[in-house]
Amino acid sequence: MGVASSSKPSDSHKWDQILNNFPDDILFEILLRVPTRDLVKSCVYVCKQWHDTIASRSFWKEKCIQDRIFSQHCWDHLGNRDENYKRLYIKHPYERNLIKNPDASKEFSEWQVVYNGGNGWRMETEPIGSDPVSRFNDECKGTVGCWVSSYGKCAKYQVVDLMAAGCSEYVLDHIRPAIHVSEWYAARFDCGAVYKMKVVLMSEKTEEFWSASPKDTNCRYSFKETLPPGRAWFQAKQTFTDYPTGIRYVGFYHEGKDTQFWAGHFGAKMTLASVILDFSHVTGLADSCDGGSKQS
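Conventions used here
Residues numbered from 1 in each chain as written. Predicted model: local features only at pLDDT ≥ 70, side-chain atom pairs only at ≥ 80, totals over all residues. Heavy atoms only, no water. Phe/Tyr/Trp six-rings, centres within 6.5 Å; stacked < 30°, edge-to-face > 60°. Helix = DSSP H or I, 4+ residues; strand = E, 2+ residues; numbered from the N terminus. Buried < 20%, exposed > 50% of the residue type's maximum accessible area, 1.4 Å probe, protein only. Lys NZ or Arg CZ within 6 Å of the ring centre and 35° of its normal. Axes fitted to C-alpha atoms, helices over the stretch in contact; angles between N-to-C directions. Parallel < 35°, antiparallel > 145°, perpendicular 65-115°, else oblique. Left-handed = near helix turned anticlockwise from the far one by under 90°. Contact = heavy atoms within 4.5 Å. Pairing = 2+ DSSP bridges. Core = buried A, V, L, I, M, F, W, Y, C linked by side-chain atoms within 4.5 Å. Disulfide = S-S within 2.5 Å.

Across all of its chains, the model carries 18 aromatic pairs by this definition. When the centroid spacing of 5.0 Å and the interplanar angle of 35° are considered together, the rings of Tyr157 and Trp210 count as tilted. Residue Tyr157 is found in strand β4 (residues 154–161), and its partner Trp210 is found in the loop between β6 (193–202) and β7 (220–227); the two are separated by 53 residues along the sequence. Classification of Trp210 as buried rests on a relative accessible area of 8%. For the pair Trp262 and Phe266, a centre-to-centre distance of 5.3 Å together with 90° between the ring planes defines the contact as edge-to-face. Against the face of Trp111 rests Lys156, its NZ or CZ located 4.1 Å from the ring centre. Over the ring of Tyr243 we find Arg176; its NZ or CZ atom is 6.0 Å from the centre of that ring.

What follows is the structure in C-alpha cells.
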C-alpha cells in the first residue's frame with residue numbers, strides 16, 4: 001500500500017506566486033517608499049516584475065516628485081524632459097553643494113595641495129584666534145572646521161566634474177542655470193592675513209587653471225583681500241549666469257598666508273567652499289564654447 005503524496009504547495013512556492021502576481025499599481029506605490037539603497041542593491045533582483053518597475057523612468061520621476069528633492073524652479077525645466085530621473089535622484093546634481101569636503105571635516109581629502117609654504121597647511125576643528133563661523137553664517141549648525149595657512153604661500157584646489165556629478169549636457173548647454181560659488185574666510189585677532197580665491201568654468205580640465213591667461217570674463221572669478229587682525233568671518237561669492245555652452249568643469253582654487261611672517265599658523269583661514277547650480281535664474285541657449293577651457 002503506497003503513501004499518498006501531498007499536493008500542498010511549499011511556503012516558498014506560495015511566496016513566489018504572491019510576488020509574481022502582485023498588482024502593478026500597488027507594487028509601484030510600495031516600492032516608492034523603500035530606501036534607495038535597498039531598491040538598487042536588493043529589490044531590483046527579486047523578480048522580473050520588481051526589476052521592471054524599479055528600472056522604469058516613470059518610477060524614478062515619481063520618486064523625485066514625492067521626495068521633493070528639487071525646487072519648483074528646477075522641476076519647471078526638467079519635469080517634461082526625457083531626463084534620466086534615476087541619475088537625477090541618486091546623484092542630485094542641482095541645488096546642492098558640489099564641492100566635496102568643503103569644511104575640512106575630512107582634513108585634506110578631495111583637495112590637491114599646490115603650495116605648502118611656511119609651516120604648511122593645517123586643519124582646525126574649531127577656528128583658533130577667530131570667532132566661530134556660525135556667528136556670521138545663519139545656515140551653519142554646530143561646530144564648523146576650517147583650514148589655516150602659514151607665513152608662506154599655502155594653496156590648494158578642487159575641480160568639480162559636472163557630468164560625473166550627474167548634470168546633463170542639455171541642462172548645461174540649453175538651460176544654463178546660474179552657478180553660485182562662494183567661500184568664507186577670516187584672519188586672527190592677533191595677525192593680519194591675505195586671502196585669495198579663483199574660480200574658473202572650463203570645457204576641459206586644464207592644468208594650473210588658476211594661473212592661465214583669461215579668455216572669457218564670464219568664465220572666471222578672482223578675489224583677493226588683505227585682512228587686518230580680527231575675529232570676524234567674511235564671504236567671497238560670485239554668480240555665473242551668461243557663460244558659454246560646453247562648460248563641463250568648475251575649478252576652485254584658494255590661497256592664503258599671514259602678513260607678519262610669523263612661524264606657525266597665523267595666516268588666512270577658509271571654509272565652506274561651495275559650487276551650486278541654481279534654477280531660479282537660467283540664461284538659456286548660448287553660442288558654443290570656443291573649444292578651449294575658460295580660465296582666470
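Looking now at the packing of helix α2 (residues 24–32) against helix α5 (residues 57–67). For the pair α2 and α5, interaxial distance at closest approach is 10 Å and the crossing angle is 50°. With respect to their mutual orientation, α2 and α5 come out oblique. The hand of the α2/α5 crossing is right-handed. Here α2 contributes Phe28, Leu31 and Leu32 to the contact with α5, which in turn contributes Ser58, Phe59, Glu62, Lys63 and Gln66.

With that out of the way, let us pick up the sheet that holds strand β2 (residues 122–124). Pairing is antiparallel across the open sheet formed by 5 strands, whose spatial order is β2-β3-β10-β5-β8. The open sheet has two free edges, formed respectively by β2 and β8 (233–240), since each of these has just one partner strand. Strand-to-strand twist in this sheet, taken as the mean axis angle between neighbours without regard to direction, amounts to 30°.

Here the focus is the nonpolar core. Core analysis: the biggest nonpolar cluster contains 61 residues, and Leu31, Tyr94 and Leu162 have the highest contact counts within it. With sequence-adjacent residues up to four places away left out, Tyr94 is seen in contact with Phe70, Cys74, Leu78, Leu88, Gly166, Cys167, Ser168, Val171, Leu277 and Phe279.

In this section: the state of the cysteines. Under the criterion given, the structure shown has 0 disulfides. Between Cys64, a free cysteine, and Cys74, which holds the nearest cysteine sulfur, the sulfur-to-sulfur gap is 9.0 Å. By relative accessible area, Cys64 is classed as buried at 3%.

The next subject is the sheet that holds β4. Here we have 5 strands laid out as an open sheet, ordered β1-β4-β9-β6-β7, and antiparallel in their pairing. Whereas interior strands pair on both sides, the edge strands pair on one side only; in this sheet they are β1 (112–116) and β7. Averaged over all adjacent pairs, the angle separating strand axes in this sheet is 10°, with direction ignored. Relative to strand β9 (residues 249–258), β4 is paired through 8 bridges, and the arrangement is antiparallel. Its bridge partner lying in β9, Tyr157 is registered against Tyr253.

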